[in-house]
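What follows is each chain in one-letter form.
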Amino acid sequence: MTASEADQGIRLAELLAVLSLGTDLGMGQPMEHVLRQCLISLRLADRLGLGDADREVVYYASLLAWVGCHVDAYEQAKWFGDDLALKADFRRVDFASAATGSLFMLRHLGAGRPMAERVRLGMSFAGEGRSAARAILHNHWLAADDLAARLGLSQQVRDSVEQTFERWDGKGVPKGAKREEILLTSRLVTLADVVEVFYRAGGTEAAVAVAGERRGTQFDPDVVDVFTAEAESLFAGLDKASGWDAVIGEEPALSSRLAGADFEAALEAVADFIDVKSPFTIGHSRAVADLAGNAARVLGLGGQAAALVRRAGLVHDLGRLGVSNAIWDKKGELTRAETERVRLHPYLTERMLAYSPVLAPLAAIAVQHHERLDGSGYPRGLPGGAMSPEGKVLAAADFYQSRTEPRPHRPARTVDHAAAELRAEVKAGRMDGQAVAAVLAAAGHRTGRLPARPAGLTGREIEVLRLLARGLSNKEIAERLFISRRTASHHIEHIYAKTGTANRALASLFAASHGLISDPVEPGTG
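Residues numbered from 1 in each chain as written. Predicted model: local features only at pLDDT ≥ 70, side-chain atom pairs only at ≥ 80, totals over all residues. Heavy atoms only, no water.

1. A few points about the environment of Glu333
Within the secondary structure layout, Glu333 lies in the loop between helix H16 (325–328) and helix H17 (336–343). Taking relative accessible area as the criterion, Glu333 reaches 76% and is therefore assigned exposed. For the pair Glu333 and His409, spaced 76 residues apart in sequence, the C-alpha separation works out to 8.0 Å. (Helix = DSSP H or I, 4+ residues; strand = E, 2+ residues; numbered from the N terminus. Buried < 20%, exposed > 50% of the residue type's maximum accessible area, 1.4 Å probe, protein only.)

Now the structure itself:
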């Protein structure tokens, strides 16, 4: 498929279904969990006699509800170790009492770390950590709502996504709604999300049992009763059918299609959501996409190829959602097992994008961004002859851009240092000389534009926001900018007020979506 063919657009359902595969991995679930949950929700809607309008809400809300689960993965890993294990375990607990929640957090606090470190974390958790833990579900809803708005979904869908995190007993978030205050569409999705996990692990009996145990606490008793009576038919054929084909086949009749600039904007929104998984990658995908697209033009690949390369750059790191932040944000050397997990992420990107006929051409390019001409790259160790020109350009652009950004184990390189490292890769036979020359030419022709200042942010507030998004504490921001800790705190308060956010994770998403992160470090400053 060419770029011009792709300009015919992608169905909104298809894009959301692909994104749901990344959501699965980000929650520690196997791919197609959300798709299967969507089917269960729709079947429940049919049993309850919901009309077409409500059924459409169920469809889109079920695909979107958990899409923001990784936006505060940095904080999750900081306090609880493996963020994927934390979220996978979440569905196995009914948080009907404060004691249950406290025991859950205590069990995961500092998981996988030495006992002395777990004790130190426990001592500091009472303040900052407990506040971060309470904000997790609230952040997830706000992030999902932000994406829904950017994709043009209806207010009814957005309202239903918000209430997916509520509980029948009123102990949910964000507003503590209870009983019939919660939309029926949300109550269906909440139940389907949990019973799918238990059905996959233990069959119909296990799913019915957990629904009964949480009847009247997390779940609507009437919905549970319908589910229990119809469980066998609700799960019928679920293990044999392709979740993808079944969900796409259930797309509402008046479906939305994203084409042209809307398609591009949707992929940019996906890029922002990918990058906020770690404070070290915020703005990365957009920057790589722009650099690779411009380099493809410099190389003479043509406008259509340049458009495809840029789009592949926007989604090249989708597979990062399947790797724990305990690995991505680790300051020390990775173990062999952790390294193997990292090497898997381009493959995961490819497999998710390949589900969609429209996005499959992007998958073929995106999967190559860590391949090298001498066969030393990953995930497949492709030799240079097996790499496409577009793949070579994307690999060079990703290498260059990554070096200009900070990582847990090193500071950002200057643009001069990044260029020198990229040229060294050519001499070593790992990078294509023409692709590298095009990337460096594209990088060198970038103009020194002043950064945009959305939401009335001042230049200093943008500086503070960039450091906040990278995960620096108030003290570290103050030291970096040579200001007092109190001044740094005031700047952060102003940032939250102006951007309408309440914490680092959401402020980071704002920064990424407004292009405030991706400026490279200038020579002599990194």
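2. Re empty space enclosed by the protein
What the rule picks out here adds up to three cavities of 30 Å³ or more. Within this model, the largest cavity holds a volume of roughly 60 Å³. Gln163, Glu166, Arg167, Trp168, Ile182, Ser186, Arg187, Thr190, Gln218, Phe219 and Asp220 together form the lining of the largest cavity. Looking at the lining of the largest cavity, the element that brings in the most residues is helix H10 (residues 184–213), giving three residues. For the lining of the largest cavity, the residue count by class is three nonpolar, four polar and four charged. Taken as a whole, the second largest cavity encloses approximately 50 Å³ of empty space. Lining the second largest cavity are Leu15, Val18, Leu19, Leu267, Val270, Val315, Leu318, Leu353 and Leu359. When residues of the lining of the second largest cavity are assigned to their parent elements, the largest contribution, three residues, is made by helix H2 (residues 12–26). (1 Å grid on protein atoms, 1.4 Å probe; cavity = no way out; pocket = protein on both sides within 12 Å on 5 of 7 lines; lining within 4 Å. Points joined across faces, edges and corners; volume = space filled by probe spheres on them. Nonpolar A, V, L, I, M, F, W, Y, C, P; charged D, E, K, R; others polar.)

3. Considerations on the pattern of salt bridges
In this structure the tally under the stated criterion is 37 salt bridges. We note a salt bridge from Arg167 to Asp169, for which the minimum N-O separation is 3.0 Å. Relative accessible area serves as the criterion here: at 7%, Arg167 is assigned to the buried category. Residue classification places Asp169 among the partly exposed residues on the basis of a relative accessible area of 22%. One network of salt bridges, with partners in common, ties together Asp146, Arg150, Glu264, Glu268, Asp272, Arg286, Asp290, Arg310 and Arg311. (Salt bridge = Lys/Arg side-chain N within 4 Å of Asp/Glu carboxyl O.)

4. A word on the packing of helix H3 (residues 33–47) against helix H4 (residues 52–64)
Viewed as axis vectors pointing N to C, H3 and H4 meet at an angle of 160 degrees, and their least axial separation amounts to 9 Å. On the basis of the axis angle, H3 is roughly antiparallel to H4. Like other packed secondary-structure pairs, H3 and H4 cross with a definite hand, here right-handed. From H3, Val34, Leu35, Gln37, Cys38, Ser41, Leu42 and Asp46 reach across to H4, where they touch Arg55, Val58, Tyr59, Ser62 and Leu63. Its residues assigned to classes, the contact of H3 with H4 shows seven nonpolar, three polar and two charged. (Axes fitted to C-alpha atoms, helices over the stretch in contact; angles between N-to-C directions. Parallel < 35°, antiparallel > 145°, perpendicular 65-115°, else oblique. Left-handed = near helix turned anticlockwise from the far one by under 90°. Contact = heavy atoms within 4.5 Å.)

5. Remarks on the environment of Arg403
Tracing the sequence through the fold places Arg403 in helix H20 (residues 389–403). Residue Arg403 is classed as partly exposed on the basis of its relative accessible area of 21%. Between the alpha carbons of Arg403 and Val415 there is a distance of 8.1 Å; along the sequence they are 12 residues apart.

6. As for the packing of helix H23 (residues 459–469) against helix H25 (residues 485–499)
Orientation of H23 relative to H25, taken along the N-to-C sense of each, is 90 degrees, at an axis distance of 10 Å. Taken as axis vectors, H23 and H25 run roughly perpendicular relative to one another. From H23, Arg460, Glu461, Val464, Leu465 and Leu468 reach across to H25, where they touch His491, Ile492, His494, Ile495, Tyr496 and Lys498. Its residues placed into classes, the contact of H23 with H25 shows six nonpolar, two polar and three charged.

7. Topic: the nonpolar core
Phe227, Leu359 and Tyr400 are the most contacted members of the largest nonpolar core, which totals 143 residues. Residue contributions to this core peak at 12 residues, all from H10. Judged by nonpolar contacts, the second largest core, of 11 residues, contains Trp79, Phe95, Leu121 and Phe125. (Core = buried A, V, L, I, M, F, W, Y, C linked by side-chain atoms within 4.5 Å.)

8. Looking at unusual backbone geometry
Comment: phi is negative for the bulk of residues other than glycine, and the bulk of peptide bonds are trans. Look at the link from Val173 to Pro174: it is a cis peptide, with omega at 10 degrees. Inspection of the secondary structure assignment puts Pro174 in the loop between helix H9 (155–163) and H10. Across the junction of Tyr378 and Pro379, the peptide omega takes the value 15 degrees, indicating a cis bond. Position of Pro379 relative to the elements: it lies in the loop between helix H19 (360–366) and H20. At Phe482, a residue that is not glycine, the phi angle is positive and equals roughly 60 degrees. Position of Phe482 relative to the elements: it lies in the loop between helix H24 (474–481) and H25.

9. What about the environment of Arg257?
Positionally, Arg257 belongs in strand E2 (residues 257–258). Linking Arg257 and Arg410, residues 153 residues apart in sequence, is a C-alpha distance of 42 Å. If we ignore the near neighbours within four places in the chain, the residues touching Arg257 are Gln8, Gly9, Ile10, Arg11 and Leu12. Within polar-contact distance, the side chain of Arg257 engages the backbone oxygen of Gly9 at 3.5 Å. (Polar contact = N/O pair within 3.5 Å; in protein donor to acceptor, adjacent residues only side chain to side chain.)

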